[in-house]
Every structure is written in C-alpha cells, then in structure tokens.
Amino acid sequence: EALISTGAAVYLAALGPKGLRAVAELCYHKAHYAANLIAAIPDYTVLSQNVWFNEFVVQSPIPPKSLNEILLKHKMIGGLDISEFVPNGILFAVTEMNSRDEIDSLVQVLRQEVP
C-alpha cells in the first residue's frame, strides 16, 4: 500500500494542478468519444445517460463473458461484467492511456466480430 501511495503521490506531483486537469479532460473526452461510437453500433445501448466521467455502461447483444473473450483474442482488455445489475451489461472505462486508434479498433471489433 505504501509503495502504491508513494507512486501515486509522485505521479500527481509531477503532473501538477494543470497537468491533472489536462489528464482529467483527456479521460472525459476519450470516454465520451468511445461511448458515442459504441452507441452507434446496432444492438448496443449505452446506458450511462446522466453525467459521467470516464466509465460507462453498455448493454451488449451477447453476454459480457463472451464479449471479453472475443476482445482478448484481439489483445484487448474488455470491461467489467455487471450482468447481475443490467442484462448483458458491461462497464467500460477509458483513460488518458487509451489512444484514439485503440478506441477505433475496439469499435471495429464490436462491429465486425460480435454476432
């Protein structure tokens, strides 16, 4: 725990207040970009309609476990299975570490590989 908190403190100190804001804005805009693209795919529904930051819920046409297996074959880490709360629900998170190309690749796999 001490090592993780030290790493977090160093990261935040290196970013500074302006850098932290920039990272937060990147997370927000990239996540909303991904959600908008996924919402445009037939049979997918983005359920996060209210204000949200970088995590959003998607209702998938297939079970999240199957979806995550497909994504893993493409070397992508999928989302968190929340089917116990939402039928075929999967929670995706997008951060500053996800590039636009990675987001576009995710959407391409969802369009082409999921029946």
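Look up a bit, the structure's there.
Worth saying up front: this structure is predicted, and the values here are computed from it rather than measured.

Rules and cut-offs
- Residues numbered from 1 in each chain as written.
- Predicted model: local features only at pLDDT ≥ 70, side-chain atom pairs only at ≥ 80, totals over all residues.
- Heavy atoms only, no water.
- Helix = DSSP H or I, 4+ residues; strand = E, 2+ residues; numbered from the N terminus.
- Buried < 20%, exposed > 50% of the residue type's maximum accessible area, 1.4 Å probe, protein only.
- Core = buried A, V, L, I, M, F, W, Y, C linked by side-chain atoms within 4.5 Å.
- Contact = heavy atoms within 4.5 Å.
- Pairing = 2+ DSSP bridges.
- Axes fitted to C-alpha atoms, helices over the stretch in contact; angles between N-to-C directions.
- Expected span 1.5 Å × (residues − 1).
- Arc of directions from axis to C-beta.

Caption draft 1: Fine view of the environment of Ile-4. Take Ile-4: it is sitting in helix 1 (residues 2–39). You can call Ile-4 exposed: its relative accessible area is 68%. Through-space distance from the C-alpha of Ile-4 to that of Leu-80 is 23 Å; in sequence the pair is 76 residues apart.

Caption draft 2: Spatial organisation of the nonpolar core. Of all hydrophobic cores here, the largest spans 24 residues; its most connected members are Ile-38, Phe-56, Leu-67 and Leu-110. Elements with a contribution of two residues or more to this core: helix 1, strand 2 (55–59), helix 2 (64–73), strand 4 (89–93) and helix 3 (100–113). By residue number, the principal contributor to this core is helix 3, which donates five residues. Setting aside chain neighbours within four positions, we find Leu-110 in contact with Ile-38, Ile-41, Tyr-44, Leu-67 and Leu-71.

Caption draft 3: Structural detail: the sheet that holds strand 3 (residues 80–81). An order of 1-2-4-3 is seen for the four strands of this open sheet, with the pairing classed as antiparallel. Of all strands in the sheet, those bounded by a partner on one side alone are strand 1 (45–46) and strand 3. In this sheet, strand 4 lies alongside strand 3 in antiparallel orientation, the contact comprising two bridges. In the strand pairing of strand 4, Leu-80 is matched with Leu-91. Helix 2 contacts strand 3 and strand 4 of the sheet and is inclined by roughly 40 degrees relative to strand 4.

Caption draft 4: Representation of helix 3 in the model. Here helix 3 spans 20 Å end to end across 14 residues, near enough to the 20 Å set by a 1.5 Å rise per residue. Of the positions making up helix 3, those classed as buried are Ile-103, Leu-106, Val-107, Val-109 and Leu-110. Projection of helix 3 onto a plane perpendicular to its axis shows the buried side chains occupying an angular sector of 155 degrees, all on one side. Every exposed residue of helix 3 that faces more than 90 degrees away from the buried side is listed here: Arg-100, Asp-101 and Gln-112. Contacts from the buried residues of helix 3 go to helix 1, helix 2 and strand 4.

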